[in-house]
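The primary structure of each chain is shown beneath.
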Amino acid sequence: MTSKFFRINTPQIVHHTIEQEIIIIDFETGSYFSLTGTGVTVWECLAQVASLDDIVDALMAQYAGDRAEIRRDAEQFLNELEREALIVPAATLPVRPSSSAVTIAAPKALLSFQPPTLAKYTDMQDLLLLDPIHGVDEQGWPVAKT
Amino acid sequence: MTGTRTDAAPRIFFEQVYGAFQRAEHGMGAPIQRDYAIDGFVVRLRFAGPALVPLITPALAHLEMPPDARRAALTICLWDSASTHTLMPPRPWAQDACRARGDVRGFNDTRSRTALAADVGAVSVLDLQENLGVYWIRAAEQLPTYERGAPLRVMLHWWMRERNRFLIHAGAVGLDDRGVLLIGKGGSGKSTACVAAALAGWQYVADDYCLLASNGEPYVHSLYNSAKLDDAALKNFPALVSVVRNPSERAAEKALLDLAQVPAAQLTRRLPLCALVLPRVTGQRDTRLAPIAPSQALRALAPSSLFQLPGTGPAEFFALANLAQQTPCYYLEAGVELSQIPQTLQAELFL
């Protein structure tokens, strides 16, 4: 995980930042997600293609906490994002001016670190469920349910 | 039905379907055409025979215009096999090529759109270069009530989004030419709130689907003059029983209301938006409005708009995100006294 780079799984995933919250839409599964706090920092790194090291560095620049604990929480979070297919391994490494830094705004004072969490919503998934087809005619067209 | 896909497959299929429509139209005698004004565009419906006319046109009647001799911006051809005795060409894709939202793998590209509504048994194809679409259903009477209340959504969505107009899942009502967008998934109370406002004399644009666009400020444009209410909601509006279009289907479907028949309802084509409102039923007596974060409004608005239609993508999502960010957002905590809904909206948003 240390040297592996991840990117956001576009075009399946679209996202938007709106007042310190990131809304994420998965067009394939009909799920949608929300990130706040440290999750936003992680996501902003991933939007630039990032490794776990990049993400830990960014979190340490914004939040006060034990580096080992932050690293553990960040790794668990990346695993969750990958399980949800929101991120995928990056095929190409990012080209940056410095060796491995992502660009993250630094706060005036460090905030207290809270493990990142992913809020997942699945209430719209039934819109993507295929209706069972009762059969097709000889031309291959569905016979509508009566 | 070999499922063989080539780059020309979408275009070939479109030509086959349009050719079948032309044969159907020719076989049914004089062409039937209706023109509609939708946000500055002339949309022409061309029917092969009369079977689909009384099922498709009522919901659009408020937008109908006299026949326009000019070339329509978009022409949609509609036919059914049962009344025209004209077969649909064979399905050229494998059965598993149809995706969850109806778009067909390998039959959608920069010029062509193809979708199958498996529940309805209807096919929509659109040539974006020719601005020509064809809608086919096996038999006109198979068109369900929810389609009659909001016909041709997929076709209009495909074509309008190319012009930065997005078909969204929302209701819209207004006062003094300023509109409120009612957002939220099915069952949240959008239709009830919109109908309550319409009966109170508000301007009515939609209860479920409308077009979202911007001319520097966001606005919505009407598509359908209908509204749908379930039994429980309809009991609140006994005066509307006489305008139910589908009395014989009520056991299985929501009541489809023809608001064009309601004198108090001011059917309005277009309204600029001043607020996004997310209804939620409280069971309390009184109604109140409470501010919510734009992110909450976006979560209520975006998924149900994006996931219902094939071919939605970042353009729709970012249009909705911009709308939520630039427009005040509220919960409408709706009480059981429905008359308070328009009263509360008016008091909080328009005075």
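The shown structure was predicted, so the numbers you read here are calculated from the model rather than taken from an experiment.

A.B. asks: Outline the overall build of chain B, supporting the account with residue identities and numerical values.
C.D. replies: Along chain B, the regular secondary structure elements total 10 helices and 19 strands. For 351 residues, the compact-globule formula gives about 20 Å, and the C-alpha radius of gyration of chain B, at 20 Å, lands near that figure. Considering only C-alpha atoms, chain B reaches an extent of 60 × 40 × 40 Å along its principal axes. Counting every position in chain B, which comprises 351 residues, the buried fraction comes to 53%. Pairs at least 24 residues apart make up 72% of the contacts formed inside chain B by residues separated by at least 6 positions.

A.B. asks: Describe the environment of Ala82 of chain B, and please don't skip the residues or the numbers.
C.D. replies: Residues and elements named next belong to chain B. Turning to its location among the elements, Ala82 is positioned in helix H3 (residues 81–84). Assessed through the 15 C-beta atoms surrounding it within 10 Å, Ala82 is described here as partly exposed. With residues up to four places along the chain from it excluded, the contact list for Ala82 reads Arg138, Ala139 and Ala140.

A.B. asks: Residues and numbers for the packing of helix H1 (residues 38–46) of chain A against helix H2 (residues 52–62) of chain A, please.
C.D. replies: Residue and element names in this part refer to chain A. At a minimum axis distance of 9 Å, the contact between H1 and H2 shows a crossing angle of 135°. Compared by their axis directions, H1 and H2 come out oblique. As H1 runs across H2, the sense of the crossing is right-handed. In this structure, H1 uses Thr38, Thr41, Val42 and Cys45 to contact H2, whose residues at the interface are Asp54, Ile55, Ala58, Leu59 and Gln62. Split into classes, the residues belonging to the contact of H1 with H2 amount to 5 nonpolar, 3 polar and 1 charged.

A.B. asks: Describe the environment of Trp141 of chain A, and please don't skip the residues or the numbers.
C.D. replies: Within the secondary structure, Trp141 of chain A sits in the segment after strand S9 (119–121). On the neighbour-count criterion, Trp141 of chain A (23 C-beta atoms within 10 Å) is buried. Ignoring any residue separated from it by four or fewer positions in sequence, one finds Trp141 of chain A in contact with Val136 of chain A together with Met88, Arg91, Gly121 and Arg138 of chain B.

A.B. asks: An account of the pairing of strand S7 (residues 132–137) of chain B is requested, with residue identities and associated values reported.
C.D. replies: Residues and elements named next belong to chain B. Of all the 6 residues making up S7, 6 are buried; the element is thus mostly covered by neighbouring parts of the structure. Burial along S7 is two-sided: the residues Leu132, Val134 and Trp136 and Gly133, Tyr135 and Ile137 are all buried. Here strand S4 (residues 74–80) pairs with S7 via 6 bridges, running parallel. If you follow Asp80 over to S7, its bridge partner there is Ile137. Direction of pairing for strand S6 (residues 122–127) relative to S7: antiparallel, over a ladder of 6 bridges. Note on S7: the bridge partner recorded for Ala122 is Ile137. The hairpin turn running from S6 into S7, its antiparallel successor, is 4 residues long, and Asn131 in that turn takes a positive phi close to 55°.

A.B. asks: A description of H1 of chain A should follow, citing residues and the corresponding values.
C.D. replies: Of all 9 residues that make up H1 of chain A, 7 are buried, and the element is covered over most of its length. Regarding H1 of chain A, the residues found buried are Thr38, Gly39, Thr41, Val42, Trp43, Cys45 and Leu46 of chain A.

A.B. asks: Requested: an account of the interface of chain B and chain A, with residues and values cited.
C.D. replies: Size of an interface, as often reported, equals the accessible area lost when the parts are brought together. Across the contact, 31 residues belong to chain B and 26 residues belong to chain A. Residue contributions to the side of chain B that touches chain A peak at 8 residues, all from helix H8 (residues 294–306) of chain B. Along the lines of polarity and charge, the residues of the side of chain B that touches chain A split into 19 nonpolar, 6 polar and 6 charged.

A.B. asks: Talk me through the sheet that holds strand S7 (residues 87–89) of chain A; I want residue IDs and the actual numbers.
C.D. replies: What the 3 strands build is an open sheet, ordered S5-S1-S7 (chain A); its pairing is antiparallel. Every interior strand has two partners, whereas the edge strands, strand S5 (50–51) and S7 of chain A, have only one.

A.B. asks: If you had to explain the domain arrangement of chain B to someone new, which residues and values would you point to?
C.D. replies: Residue and element names in this part refer to chain B. Its domain assignment divides chain B into domain 1 (9–161) and domain 2 (166–349). The distance between the C-alpha centroids of domain 1 and domain 2 comes to 27 Å. For the side of domain 1 that touches domain 2, the elements supplying multiple residues, two or more each, are strand S5 (112–117), helix H4 (145–149) and helix H5 (153–161).

A.B. asks: Can you explain the nonpolar core? Please cite residues and give values.
C.D. replies: Residues and elements named next belong to chain B. Counting residues in hydrophobic clusters, the biggest one holds 152 residues, and the most contacted among them are Ala172, Ala198 and Cys210. Ranked by the residues each element gives to this core, the list is headed by helix H6 (residues 190–199), at 7 residues. For this core, the domains that each give at least three residues are domain 1 (9–161) and domain 2 (166–349). In this view, Ala172 contacts Gly179, Val180, Leu181, Leu182, Val205, Ala206, Cys210, Val220 and Leu271; residues no more than four positions away in its chain are not counted.

A.B. asks: Go over the sheet that holds S6 of chain B, please, and point to the residues and values.
C.D. replies: All names here are of chain B. Read across the sheet, 7 strands follow the order S3-S1-S2-S4-S7-S6-S5 without closing on themselves; strand pairing throughout is mixed. Whereas interior strands pair on both sides, the edge strands pair on one side only; in this sheet they are strand S3 (64–65) and S5. Of the strand pairs in this sheet, strand S1 (residues 32–38) and S3 are connected by 2 bridges, and their pairing is antiparallel. Paired with Tyr36 across the bridge in S3 is Glu64. Its contacts with the sheet place helix H1 (residues 9–27) against S4, S5, S6 and S7, and it is angled at close to 70° to S5. In this fold H5 packs onto S4, S5, S6 and S7, with an angle of close to 20° to the strand it touches most, S6.

A.B. asks: Break down the environment of Pro11 of chain A for me, citing the residues and quoting the values.
C.D. replies: Positionally, Pro11 of chain A belongs in the loop between strand S1 (5–8) and strand S2 (13–18). Separated by 63 residues in sequence, Pro11 of chain A and Ala74 of chain A place their C-alpha atoms 24 Å apart.

A.B. asks: Requested: an account of unusual backbone geometry, with residues and values cited.
C.D. replies: Following Thr10 of chain A, the chain continues to Pro11 of chain A via a peptide bond in cis, the omega torsion being 0°. Positioned with a positive phi, Leu152 of chain B is a non-glycine residue whose angle comes to about 60°. Along the chain, the position of Leu152 of chain B falls in the loop between H4 and H5. Located in the positive-phi region is Asn164 of chain B, a residue other than glycine, with phi close to 60°.

A.B. asks: Hey, could you go over the pairing of strand S12 (residues 209–214) of chain B for me, with residue numbers and the actual values?
C.D. replies: In terms of strand pairing, strand S8 (residues 166–169) of chain B meets S12 of chain B through 4 bridges, oriented antiparallel. Bridged to Leu167 of chain B within S12 of chain B is Leu211 of chain B.

A.B. asks: Give a description of the confidence of the model for chain B that names residues and reports values.
C.D. replies: Taken residue by residue, chain B gives an average pLDDT of 94. The fraction at 70 or more is 99%. Under the prediction, the complex receives an ipTM of 0.89, its pTM being 0.93.

Rules used in this analysis
Once a new chain begins, its residue numbering starts again from 1 and follows that chain's sequence as written. Chain A is the first chain written and ligand 1 is the first ligand written, with later ones labelled in order. Local features in this predicted model are restricted to residues of pLDDT 70 or higher, and side-chain atom pairs are both shown and tallied only at a pLDDT of 80 or more, whereas totals for entire chains, interfaces and linings draw on every residue. Secondary structure elements follow DSSP: runs of H or I no shorter than four residues count as helices, runs of E no shorter than two count as strands, and numbering proceeds from the N terminus. We take the radius of gyration over the C-alpha atoms and set the globule estimate at 2.2 Å times the residue count to the 0.38 power. Three exposure classes are used, based on other C-beta atoms lying within 10 Å of a residue's own C-beta, which is placed from the backbone: buried for 20 or more, exposed for 12 or fewer, and partly exposed in between. Contacts are defined on C-beta atoms placed from the backbone: any two residues whose C-beta positions lie within 7 Å are in contact. Structural elements are reduced to axes, namely lines fitted to C-alpha atoms, with helices fitted over the stretch in contact, and the angle between N-to-C directions of any two is expressed from 0 to 180 degrees. An angle counts as roughly parallel when it lies under 35 degrees, as roughly antiparallel when it exceeds 145, as roughly perpendicular when it falls between 65 and 115, and as oblique in every other case. Throughout, a crossing is termed right-handed when the near helix is turned clockwise from the far one, and left-handed when it is turned anticlockwise from it by less than a right angle. Side-chain classes are defined by residue name, with Ala, Val, Leu, Ile, Met, Phe, Trp, Tyr, Cys and Pro counting as nonpolar, Asp, Glu, Lys and Arg as charged, and the others, Gly among them, as polar. The pairing criterion for strands is at least two bridges between them, as found by DSSP. All the domain ranges listed were derived from an automatic or database domain assignment. Take the buried Ala, Val, Leu, Ile, Met, Phe, Trp, Tyr and Cys residues, join any whose C-beta atoms are within 7 Å, and the set you get is a nonpolar core. The quantity called pLDDT is the predictor's confidence in a given residue, expressed from 0 to 100.

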